[in-house]
Structures are given as structure tokens and as C-alpha cells.
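Below are the chains, spelled out letter by letter.
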Amino acid sequence: MSARKIIIDTDPGQDDAVAILLALASPEEIDVLGISAVAGNVPLSLTAKNARIVCELAGKSDVKVFAGCERPMGRVLVTAEHVHGETGLNGPVLPDPEMPLQDMHGVDFIIETLRAHEAGTVTLCPLGPLTNIATAFEKAPDIIEKVQEIVLMGGAYFEVGNITPAAEFNIYVDPQAADIVFKSGVPIVVMPLDVTHKALVTKSRNDAFRALGTKAGVAVAEMTDFFERFDREKYGSEGAPLHDPCVTAYLINPDLFTGRHINVEIETQSELTMGMTVADWWGVTDRKPNALFIGDVDADGFFGLLTERLARL
Ligand code: RIB
Ligand code: CA
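Residues numbered from 1 in each chain as written. Chains lettered and ligands numbered in written order. Predicted model: local features only at pLDDT ≥ 70, side-chain atom pairs only at ≥ 80, totals over all residues. Heavy atoms only, no water.

Participant: Go over the side chain of Asn162 with me, naming the residues and quoting the values.
Facilitator: Take Asn162: it is sitting in the loop between strand S5 (147-153) and helix H6 (169-173). At 2.9 Å, the side chain of Asn162 forms a polar contact with the backbone nitrogen of Phe169. Apart from the residues lying within four places of it in its own chain, the contact partners of Asn162 are Ala167, Glu168, Phe169, Leu193, Phe230, Lys234 and Tyr235. (Helix = DSSP H or I, 4+ residues; strand = E, 2+ residues; numbered from the N terminus. Polar contact = N/O pair within 3.5 Å; in protein donor to acceptor, adjacent residues only side chain to side chain. Contact = heavy atoms within 4.5 Å.)

And the structure:
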């Protein structure tokens with residue numbers, strides 16, 4: 001089977017970084033057409049820089065990285081330095097990137113790439129707020145029907161919120177964008193906190209990253225050492241939840257994951273529940289299913305795959 005063509009839309013972020021490394025280490029399954037950065041965990045200038053740092057860490061400085069939107073569609077940008085540190089990649093000491101940022105805007109890259117490929121052959125993999133994706137859909141509605149699938153990290157149902165009592169960060173930062181994407185009609189696979197909170201980097205799993213002894217393996221261990229303190233303090237977790245790598249792992253081995261095809265709608269009116277993913281997990285409405293909402297993962301299988309692929313870098 002030929003590799004799946006994808007665009008990674010991202011706000012690195014340590015977990016984004018691991019997702020990008022996993023993708024770049026898996027060329028048999030994944031063909032990364034390019035990476036578009038979006039404002040989210042940290043401002044756009046840093047997410048665009050961090051995406052290139054990660055590509056160089058993977059030894060893939062030929063990947064094209066684009067800067068996209070620097071603020072949400074209709075709200076003031078909320079960032080997450082309290083989780084990811086002031087650079088967004090706190091933990092390891094990594095060199096500034098030498099590879100260039102592409103001149104084209106990330107939104108135009110998404111539009112031009114979808115227009116240049118046959119319908120149904122490009123998958124979008126948003127790992128941050130959905131601002132770039134929704135802006136591309138608004139600017140060029142003709143591309144919507146050309147998208148093969150969207151596999152995204154965002155939202156929550158049983159786990160509820162990690163940035164407010166009701167909302168997960170990626171959706172909360174740009175709920176208007178999420179509403180556009182979830183109503184677009186594109187087939188969507190959602191990796192919510194319900195599943196990502198089961199992908200925890202326990203000490204033994206982090207020791208396995210470090211034991212690789214490679215630049216990438218040690219950097220991932222150091223990123224996790226930094227990134228895990230938020231979830232340990234808040235949730236008493238056994239380790240950092242690897243949110244975004246669930247997206248890449250799904251592309252490589254979807255059998256690691258289980259979920260339900262349900263209706264998911266986005267709260268965009270009430271400030272109390274702004275950005276909540278209202279997931280009809282129990283089928284109590286007649287609203288049309290629009291997303292495969294993932295609820296569980298084979299965590300040992302996930303970490304086995306991730307560690308084996310990181311060893312390739
Ligand atoms: O809520 C977790 C999500 O928000 C992850 O994608 C993390 O990188 C941040 O963007
Ligand atoms: Ca992210």
C-alpha cells in the first residue's frame with residue numbers, strides 16, 4: 001500500500017514534536033507533503049520555529065514548513081506556556097533551525113496542495129487549534145470535497161476540559177474554526193482527551209526513549225520530563241499524556257484505537273462552555289454522526305510502535 005499523503009498542521013508543543021518525529025520516521029506509511037504552523041501552545045513565531053527545530057532533529061531539513069495564522073478566527077489568542085514552557089519546546093537544549101521557513105502562507109499551502117492533488121488523496125492532520133484549516137475552507141470552499149480525511153487531536157467527552165472545566169485547549173482556542181471544520185462534511189477522526197489521557201509516558205516508557213541513546217530519543221525523554229509536570233499536578237497522572245502522537249500512530253496502525261461514529265458539535269455561544277465538544281456518545285439525539293470519536297488505545301502497542309520508530313531517527 002502506498003504511503004498516505006498528509007499535511008501536518010501544528011503548534012509545537014512537545015507532544016506535537018513527538019507526533020512530527022513519528023510521522024517523519026515512518027515513510028512507508030506517511031508521506032509528509034508539508035507542515036503548516038499555527039498559533040496555539042505558543043505564538044506563531046515560535047510554533048513556526050519549533051516545527052523546523054523538530055524537522056532538523058529528525059534529520060529531515062528538506063521538509064517544507066509554512067507559517068499560518070497568528071490568531072484565532074474570532075477570539076483573542078490563548079497560549080499554554082504554563083504547560084509547554086516559554087519556548088513551547090522546553091526540556092531539551094536544541095539548536096535554532098537553519099532550514100528556511102517557506103514564503104507562502106500556511107493557509108495558501110493547504111489550498112494549493114489540495115488543488116494540486118486528486119480528490120481523496122490528501123489527509124489533513126491538525127494537532128493544534130483549527131484556525132488554518134477553517135480559514136482555508138472559508139477562503140477556498142472548492143477544496144473541502146477534495147480532502148480525503150481529517151485526523152485531529154482535540155476535544156473531550158468523559159474527560160471534559162483541560163483549559164476550562166468544559167473545553168479542551170485546541171478547540172477552546174478557536175471554537176469558531178472548530179465549528180466550521182466539524183460542519184464541513186469532511187470525514188473526521190477525533191483523538192480527544194478521552195483517549196490521549198490513556199497514552200501516558202510512564203517512567204519505564206520514558207526510560208525506553210532515553211535508552212535509545214539517539215539525539216531524538218534523548219530529546220523526547222527530556223521533552224516529556226518537562227511536559228509531564230502539568231498533568232501530574234493537575235490529574236495525578238502517571239506521566240505526560242502524548243496527545244498529538246495519537247494522530248500519527250492512527251495513520252500507521254488504526255487497529256491500536258477504538259471509538260464510535262457519532263455526532264460532535266462545538267459550543268460557540270456560551271462563555272461558560274465555550275469550545276466544548278458536545279459528543280453524542282450515547283446516541284441520545286437524532287443528530288447526524290459526523291466523526292469517529294476515539295475512546296480507547298492499546299497503550300503498550302502505541303508506545304512499542306513509537307519507540308521502535310523513534311529508534312530509526
Ligand atoms: O489539549 C492538548 C492539545 O493542546 C495538544 O495538541 C497540545 O499540543 C495542545 O496543542
Ligand atoms: Ca498541539
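Participant: I'd like a rundown of the coordination of the calcium ion (ligand 2), residues and numbers included.
Facilitator: Taken together, the protein donors to the calcium ion (ligand 2) comprise Asp11 (OD), Asp16 (OD), Asp16 (OD), Leu127 (O) and Asp244 (OD), at separations of 2.3 to 2.6 Å. All donors to the calcium ion (ligand 2) come from one chain, and their sequence spacing reads D-x4-D-x110-L-x116-D. Remark: Leu127 occurs in the loop between strand S4 (122-126) and helix H5 (131-139) and Asp11 occurs in the loop between strand S1 (4-10) and helix H1 (14-24); sequence separation between them is 116 residues. Grouping residues by exposure puts Asp11 and Leu127 together as buried. (Donors = N, O, S within 2.8 Å, 3.2 Å for Na, K, Ca; no water. Buried < 20%, exposed > 50% of the residue type's maximum accessible area, 1.4 Å probe, protein only.)

Participant: So what's going on with the pattern of salt bridges? Which residues, and what values?
Facilitator: Under the counting rule described, the total for this entry stands at 18 salt bridges. Across the salt bridge formed by Lys5 and Asp31, the nearest N and O atoms sit 3.3 Å from each other. With Lys5 in strand S1 and Asp31 in strand S2 (residues 30-37), the pair connects residues that are 26 residues apart, well separated along the chain. Given a relative accessible area of 28%, Lys5 falls into the partly exposed group. Measuring nitrogen to oxygen at the nearest pair gives 3.1 Å for the salt bridge that ties Glu308 to Arg309. (Salt bridge = Lys/Arg side-chain N within 4 Å of Asp/Glu carboxyl O.)

Participant: Hey, could you go over a nonpolar patch on the surface for me, with residue numbers and the actual values?
Facilitator: On the surface, a cluster of nonpolar side chains totalling about 390 Å² of accessible area is made up of Phe158, Trp282 and Val284. With respect to the secondary-structure elements, Phe158 resides in the loop between S5 and H6. (Patch = residues over 30% accessible without salt bridge, like charges linked within 9 Å, V, L, I, M, F, W, Y side chains within 5 Å. Areas by Shrake-Rupley, 256 points an atom, 1.4 Å probe, with all protein chains shown as cover.)

Participant: Help me get a handle on the sheet that holds strand S6 (residues 188-191), residues and values and all.
Facilitator: If you trace the 8 strands from one edge of the open sheet to the other, you get S3-S2-S1-S4-S5-S6-S12-S9, paired in mixed fashion. Of all strands in the sheet, those bounded by a partner on one side alone are strand S3 (65-67) and strand S9 (257-262). The sheet shows a mean angle of 25° between the axes of neighbouring strands, taken without regard to direction. Relative to S4, S1 is paired through 5 bridges, and the arrangement is parallel. Along S4, the bridge assignment pairs Ile8 with Cys125. (Pairing = 2+ DSSP bridges. Axes fitted to C-alpha atoms, helices over the stretch in contact; angles between N-to-C directions.)

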